[in-house]
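# An overview of the molecular structure
Here's the letter readout for the chains.
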Amino acid sequence: MVDFQAFLEKLYWKYRDVNEGKVASYIPELAKANSDSFAICAVTRDGRVFQAGDVDQKFTIQSISKVFVYGLALEEHGRERLLQKVGVEPTGDPFNSLIRLDEDSKRPDNPMVNAGAIATTSLIKGDGPTERLNRLLTLFQRYVGHEVFIDVPVFVSERSTGHRNRAMAHLMLNFGMIDQKVDEALDLYFQQCAILVTCRDLAVMAATLANQGENPLTGEQALHPEYVRDVLSIMYTCGMYNFAGEWAYRVGIPAKSGVSGGILAVVPNQVGIAVFSPLLDGHGNSVRGLRVFEELSQEFGLHLMDLSMGRCRFEAAIRDSSELTAS
Ligand code: GLN
């Protein structure tokens, strides 16, 4: 029988020397990332932690934040009102594309592309920018189970170079899809992307979604259970940028990636898994992350559409596995 912790360690050593891909550099501060960093972490819905590599290294969450802010917007506005402002269709376009914004409905296609994420963030309630930022920080704290902070240099770096995101926001302002406070919305979006997390944090966040919105380590409810399915559906169809279809086909687990190199994936009712490695492919997904997830999904039958005995293998592999920390 395969031991889950031993398998994670095996994956870590197997992919540690894969050096394909590039560190993101369009946000200048992100170019300073260490391309050797690599971590894998899994947290089960009952709070068992398995890990290998640099699981405590901090990095900015970037696009992965979109998932959680969308969940909060659902709680604040409900499905139907939110749907009027942000759609749920995958685009097949890069995450920073603005080409379709000027078509038909003028509504961003989904909350996982930048336009949709900026529109979603602009809907977060609160009396002024400080209150809205605190609302987001508190939200992320519920998911990770401890205080979170913003990487100010990354925030400032993106704020001063994010002209494409600014263009999108202004286009949406022009169509009346977001309100007048466009610079405030952009600042909040750049701040949420610059929140510092570790690979372990991401796995806990994923486990929280796997556990109907309740953080398995703290018992705190981070998202109302009613909206977990919405968030997971969007992750499944749109979470991996314009690779989402192939990811659903090959890996078959709701997931979200970010340009700093994180990928977070949720096997509902079972486990949250995260990988961190900053080397990205042309879609902006972590190269080592893709390999690790493909192999994990295959080995443990984690693909959601795989109704064979697969996932029993996962249950068996964690049952007797020790929760070791590998380096
Ligand atoms: N902050 C980044 C941006 O808006 C997030 C993109 C990403 O992680 N894909 O460009």
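### Concerning the nonpolar core
Counting 52 residues, the largest nonpolar core has Phe68, Phe140, Leu202, Met205, Leu209 and Leu264 as its most contacted members. When contributions to this core are tallied by element, the ones reaching two or more residues are strand E1 (39-44), helix H2 (65-77), helix H5 (129-144), helix H9 (199-210), helix H10 (228-238), strand E6 (262-267) and strand E7 (271-276). The greatest single-element share of this core, amounting to 9 residues, is contributed by H9. Apart from the residues lying within four places of it in its own chain, the contact partners of phenylalanine 68 are Leu139, Phe140, Tyr143, Met205, Leu209 and Leu264. Among the nonpolar cores identified, the runner-up in size contains 35 residues, and Ala52, Val271, Phe293 and Phe314 belong to it.

### Things to note about the site of the ligand
Surveying the vicinity of the ligand reveals 13 residues, the closest of which are Tyr26, Gln62, Ser63, Tyr189 and Tyr241. In the model, an oxygen atom of the ligand is placed 2.5 Å from a nitrogen or oxygen of the tyrosine 26 side chain. Between the ligand and asparagine 114, the relevant distance is 3.1 Å, taken from an oxygen atom to a side-chain nitrogen or oxygen of the residue. A molecule is said to occupy a pocket when more than half its atoms come within 2 Å of that pocket's grid points, and by this definition the ligand occupies the second largest cavity. For the shell around the ligand, the class distribution of residues is 7 nonpolar, 5 polar and 1 charged.

### A closer look at the sheet that holds E7
The strand order across the open sheet formed by 5 strands is E2-E1-E7-E6-E5, and the pairing between neighbours is antiparallel. Two strands close off the open sheet at either side, each with one partner strand: strand E2 (49-53) and strand E5 (255-257). Across the sheet, the mean angle from the axis of one strand to that of its neighbour is 10°, orientation sign disregarded. Note: E1 against E2, 5 bridges, orientation antiparallel. The residue of E2 that forms the bridge with alanine 39 is glycine 53. The strands touched by helix H12 (residues 287-300) are E1, E6 and E7; relative to E7, the strand with the most contacts, the crossing angle is about 150°.

### Here we look at the pattern of salt bridges
Under the criterion given, the structure shown has 10 salt bridges. For arginine 250, the salt bridge is made with glutamate 246, and the minimal N-O distance between the two is 2.9 Å. Separated by 4 residues within a single helix, arginine 250 and glutamate 246 lie in helix H11 (residues 244-250), roughly one turn from each other. Salt bridges sharing partners connect three or more residues here, namely Glu246, Arg250 and Glu294.

Thresholds, definitions, all that
Residues numbered from 1 in each chain as written. Predicted model: local features only at pLDDT ≥ 70, side-chain atom pairs only at ≥ 80, totals over all residues. Heavy atoms only, no water. Core = buried A, V, L, I, M, F, W, Y, C linked by side-chain atoms within 4.5 Å. Buried < 20%, exposed > 50% of the residue type's maximum accessible area, 1.4 Å probe, protein only. Helix = DSSP H or I, 4+ residues; strand = E, 2+ residues; numbered from the N terminus. Contact = heavy atoms within 4.5 Å. Near = heavy atom within 4 Å. Polar contact = N/O pair within 3.5 Å; in protein donor to acceptor, adjacent residues only side chain to side chain. 1 Å grid on protein atoms, 1.4 Å probe; cavity = no way out; pocket = protein on both sides within 12 Å on 5 of 7 lines; lining within 4 Å. Sits in = over half its atoms within 2 Å of the grid points. Nonpolar A, V, L, I, M, F, W, Y, C, P; charged D, E, K, R; others polar. Pairing = 2+ DSSP bridges. Axes fitted to C-alpha atoms, helices over the stretch in contact; angles between N-to-C directions. Salt bridge = Lys/Arg side-chain N within 4 Å of Asp/Glu carboxyl O.

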